[in-house]
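# Understanding the architecture of this molecule
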Amino acid sequence: MSEAVTQNIDEIKAVTKKYLGDFIPPKKMEVLEDATALITGGILDSITIVELAASLEDHYDIKFETFEMSVDYFDTLADIANVVQEKIAGNA
């Protein structure tokens, strides 16, 4: 089993949050929680979603389908971490 497969959800959230810091102003990062609405809350736009997905793809050696870069998969930090974890485990 590779190291990437053993990544737990908290580690994935920490990595995702690090990349989100590249796109979200520091004041919004200070209040970012697992359930903060990133897309429906107007924090991330379509360009930043694609850039975040590319960063996560490079970091974890995974690939997102176009339909996954949507509110269903990227609206919260928890949503993003869940889909990344599923991809690492090979379930998505």
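Report on the accompanying structure. (Residues numbered from 1 in each chain as written. Predicted model: local features only at pLDDT ≥ 70, side-chain atom pairs only at ≥ 80, totals over all residues. Heavy atoms only, no water.)

### Side note on the packing of aromatic side chains
If you walk through the whole model with that rule in mind, you get two aromatic pairs. Measuring from ring centre to ring centre gives 5.2 Å for Phe64 and Phe74, while their planes differ by 70°; the resulting arrangement is edge-to-face. Of this pair, Phe64 sits in the loop between α3 (46–60) and α4 (71–74) while Phe74 sits in helix α4, placing them ten residues apart in sequence. On the basis of relative accessibility, which here comes to 0%, the residue Phe74 falls in the buried class. (Phe/Tyr/Trp six-rings, centres within 6.5 Å; stacked < 30°, edge-to-face > 60°. Helix = DSSP H or I, 4+ residues; strand = E, 2+ residues; numbered from the N terminus. Buried < 20%, exposed > 50% of the residue type's maximum accessible area, 1.4 Å probe, protein only.)

### Quick word on the packing of α3 against helix α5 (residues 77–89)
Relative to each other, α3 and α5 sit at 35°, their axes nearing to 12 Å. The hand of the α3/α5 crossing is right-handed. The segment α3 lies against α5, with Leu52, Leu56 and Tyr60 engaging Ile80, Val84 and Ile88. Of the residues belonging to the contact of α3 with α5, the class tally is six nonpolar, no polar and no charged. (Axes fitted to C-alpha atoms, helices over the stretch in contact; angles between N-to-C directions. Left-handed = near helix turned anticlockwise from the far one by under 90°. Contact = heavy atoms within 4.5 Å. Nonpolar A, V, L, I, M, F, W, Y, C, P; charged D, E, K, R; others polar.)

### Considerations on the pattern of salt bridges
Going through the model one piece at a time under the given rule, you end up with two salt bridges. Across the pair Lys13 and Asp34 runs a salt bridge, and its minimum N-O distance is 2.7 Å. Taken together, the residues Lys13 in helix α1 (residues 9–20) and Asp34 in the loop between α2 (26–30) and α3 connect sequence positions 21 residues apart. With a closest N to O distance of 3.1 Å, Lys87 and Glu68 form a salt bridge. Placement of the pair is Lys87 in helix α5 and Glu68 in the loop between α3 and α4, with a sequence separation of 19 residues. In this structure Lys87 comes out as buried when scored by relative accessible area, which is 11%. Residue Glu68 is classed as buried on the basis of its relative accessible area, which comes to 4%. (Salt bridge = Lys/Arg side-chain N within 4 Å of Asp/Glu carboxyl O.)

### Brief notes about unusual backbone geometry
Not every positive phi belongs to a glycine, and Asp61 is a case in point at roughly 55°. You can see Asp61 is positioned in the loop between α3 and α4. Overall, the relative accessible area of 74% leaves Asp61 in the exposed class.

By themselves, these observations are geometric and do not establish any function.
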